[in-house]
Each structure stands twice: as C-alpha cells, then as structure tokens.
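Breakdown of the fold
Read off the chains here:
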Amino acid sequence: MVRFPFSAIVGQDEMKLALLIAAVDPAIGGVMVFGDRGTGKSTAARALAGLLPPIDVVADCRYGCAPGQQGSCPDPCTSTKSRKQAVPFVDLPLGATEDRVVGSLDLEKALRSGEKSYEPGLLAKAHRGFLYVDEINLLEDHIVDLLLDVAASRENVVEREGLSVRHRSSFVLVGSGNPEEGELRPQLLDRFGVSVEVRTPQDIGQRVEIMRRCAAFEQDAEAFANSCASDEQQVLKQIARGQKKLPDMAVPDEVLADAARLCSAVGADGLRGELTLMRAARALAALQGAKAVRRQHVIAVAPMALRHRLRRDVLDETGSTARITRAIDELFG
C-alpha cells in the first residue's frame, strides 16, 4: 500500500519537526499532537513510518528482535537467518484492553495442551517502530499511563496469571487528539516528551496546494509517490545523519544553563522540562548536521518541549506558547 509522502505534507512544520526529532532520538518520550480534526496528524505519522527503510528481524521472531539479539526474548528466537520487514506502525484502538496492549495468556494453547504460553500484545508488535493512538485524550488513563511507562523504559514487563514475561518494546509513541473532545490529564500530558499544536491552515494558497496534492495522490498514488522520491530521500538521509551524529553530540554547559534559565522563567513543573529540552535540542542539532548544540537549537524546540508543562497562572491568561516566546525574548533578546 502506497502511503502519502512525508515530504508532500503542506505546512504543519512544527508537527513534522517533532516527528523527525523523535525519529532521531526515540528516548525523547513520545509526541503529543493536539489540534483540529483533518489537519494531517495521522497522515504525517504514517508517512514518516512508511519513509524509513525496512529493518532486519530475526526470522520467525514474534518480538522483532534484531540480528545479534537472538535468545533475548520470550520466543526461542535462535535462528541465524534474518528477514526484512517494514518499520512497524501499530494503531492502538480506543477500545483496546490492557491484555491486548501488553499481551496475555494464550488461551487456545492452554486449552489445547494445558501449557501456559504468552501471546504478545500490541507493545511487542510496535517494537522498533511507531505506536499511534488517535484521540488519546479519550483513552482510559491507566492505559495511557502504561504506554508512557513502557515508552520510557523500552521494556514491557507482564506479571499475571502465573506468567512472568519481559521483552524489549522500544517505539516512538505518537498520540493525537482534539482538545474540544476532552483534555488529557496534566499528569499524563507532562510525561509526553514533546507536544505540538496543529491548526487548520488559514492561508488560501496552502489550502489550494493541499487539495491539489491530495487529488493527485487519489488519482495515481504510485505516480505521485514517485514524483516525491527525491525529496523523500533527502528526508531519509537527514534522519540517518541525525541518528549517526546523535551519540557524539555533547551539550555545552552554557547551553544547559540557557535551558535551566528558560524553564525557571516560564515556571515549568519539575525537571522533565530541562531534560526534554536538552534531548530535543541535541536531536535537532544532529538532524541539522550541526557540530555542536547551540542556544538557537534550545530556542527552536522550547515551545514543543515546554508548552504542556507550564503551571497555570490565574493572573496571566496568555497561552503557553506566547508565555514561552515572551520569556525567550526577555532572556535572550
């Protein structure tokens, strides 16, 4: 199935940047996208997953183990052969139970042979890929909590019904929702790495271009994708370069001080703000091929890293993004 090309998405620059940053460094902890319906939230997440090159997986492993990791998951997983598979993109439906998410006892096998066996859930399927939850603000809180725990630890631990199972589950968590349909609890929202807002484009030229590209895609998806192949390769090279540079990307002390001063100025709760700001700035610098992390990288990612972590000020009803912009102007000119 041909997916709409990531590079062909018009506008929504902050959302696309947040997804690219998460692709470079999944440890950032997930991307929350709040905004109007029909603004390309799920299209962008699917397009990015579709853009990434296939991954190598140990043959017949149900947990997506990479070659060299044989024997480290609950499956026998000892094959020396590997196969290529597309980067996983798993949709988590709103009605999903905890069993379906984390995995459960394989009842069919238990009834047939009397043997207790674990049936992997959606967290196993999403390993090394993307886990997407549309309308995450309507998902039960304990499921959201569970997803965030696993996204942060990169490991799914199941202790139930006499089963004790532990397996890798490293994925980019992408949640989206429309705030008019309900808010995500602040305690859960704070645990997302970055948060972006998307709005319906107001520029007539942009709206016309979106219609033009969608019509071309609907008419001949393959031809449209081929016409974007060069741009897609550029995005792919950018991600690959960022992933390669990231481990060597240090953050100078003066940039750490900038991040701490900014978080203090806007009144961000806890220290997740500083940590996410540092990680996102590193990922952005790596993505852009910079030699070192600079203040400009901190400033560029500050709104997405902090807007969902600000305390409400009853004396200041200014929006979170405007408060962050104002603090940046006051601190850095």
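Above this text is the structure in question.
Structural notes, computed from the coordinates. (Residues numbered from 1 in each chain as written. Predicted model: local features only at pLDDT ≥ 70, side-chain atom pairs only at ≥ 80, totals over all residues. Heavy atoms only, no water.)

Details of the overall build of the protein
Spelled out, the test is: Runs of E in the DSSP output that reach at least two residues are strands. Runs of H or I that reach at least four are helices, and both are numbered from the N terminus. To get the radius of gyration, use the C-alpha atoms; to get the globule rule, take the number of residues to the power 0.38 and multiply by 2.2 Å. Throughout, a contact is declared for two residues whenever any of their heavy atoms are within 4.5 Å. Accessible surface is estimated by sampling points in the Shrake-Rupley manner with a 1.4 Å probe; for residues, cover comes only from the protein chains shown. Think of it this way: Lys and Arg go in the positive column, Asp and Glu in the negative one, and His and the chain ends go nowhere. A single reference atom marks each charge: NZ on Lys, CZ on Arg, CG on Asp, CD on Glu.
Along its length, the protein carries 14 helices and 11 strands. In terms of overall size, the protein behaves like a compact globule, its C-alpha atoms giving a radius of gyration of 21 Å where 333 residues would be expected to give roughly 20 Å. With the C-alpha coordinates aligned to their principal axes, the bounding extent of the protein is approximately 70 × 50 × 40 Å. Residue pairs in contact within the protein that sit at least 24 positions apart in sequence constitute 75% of those at least 6 positions apart. Accessible surface computed for the protein: about 16500 Å², of which carbon and sulfur atoms make up 49%. Across the protein, the centroid of the 42 positively charged side chains sits 5 Å from that of the 46 negatively charged ones.

A word on unusual backbone geometry
Here is the rule we go by: Whether a residue is buried, partly exposed or exposed follows from its accessible area with a 1.4 Å probe, protein chains only, as a fraction of its type maximum: under 20%, in between, or over 50%, in that order.
Positive phi, close to 65°, is recorded for aspartate 60, a residue that is not glycine. Position of aspartate 60 among the secondary structure elements: in the loop between β2 (55–58) and β3 (82–85). Relative accessible area serves as the criterion here: at 72%, aspartate 60 is assigned to the exposed category. You will see that arginine 128, though not glycine, has its phi angle at about 75°, which is positive. Within the secondary structure, arginine 128 is located in the loop between α5 (122–125) and β7 (129–134). Relative accessible area serves as the criterion here: at 26%, arginine 128 is assigned to the partly exposed category.

Description of the nonpolar core
Rules: Only buried Ala, Val, Leu, Ile, Met, Phe, Trp, Tyr and Cys residues count toward a nonpolar core, and they belong to the same one when joined by side-chain atoms within 4.5 Å.
Residues Phe6, Leu48, Phe130, Leu277 and Leu306 are the most contacted members of the largest nonpolar core, which totals 69 residues. If we skip the residues at most four places from it in the chain, leucine 277 touches Ala259, Leu262, Cys263, Val298, Val301, Ala302, Ala305 and Leu306. Residues Tyr63, Leu146, Val158 and Val165 belong to the second largest nonpolar core, which totals 39 residues.

Concerning the packing of helix α11 (residues 253–266) against helix α12 (residues 272–287)
A pair of packed helices can be characterised by two numbers: the angle between their axes and the separation between those axes. Our working definition: In this analysis an axis means a line fitted to C-alpha atoms, helices contributing only their contacting stretch, and an angle means the value between N-to-C directions, from 0 to 180 degrees. By the definition adopted for this analysis, an angle is roughly parallel if under 35 degrees, roughly antiparallel if over 145, roughly perpendicular if from 65 to 115, and oblique otherwise. Should the near helix be turned anticlockwise from the far one by less than a right angle, the crossing is termed left-handed; should it be turned clockwise, right-handed. Polar here means any residue outside two lists: the nonpolar Ala, Val, Leu, Ile, Met, Phe, Trp, Tyr, Cys and Pro, and the charged Asp, Glu, Lys and Arg; Gly therefore counts as polar.
Where α11 meets α12, the closest approach of the two axes is 9 Å, and the angle between their N-to-C directions is 140°. Taken together, the axes of α11 and α12 lie oblique to each other. Our pair here, α11 against α12, has a crossing hand that is right-handed. Where α11 abuts α12, its residues Leu256, Ala259, Ala260, Leu262 and Cys263 lie against Gly273, Glu274, Leu277 and Met278. Its residues placed into classes, the contact of α11 with α12 shows 7 nonpolar, 1 polar and 1 charged.

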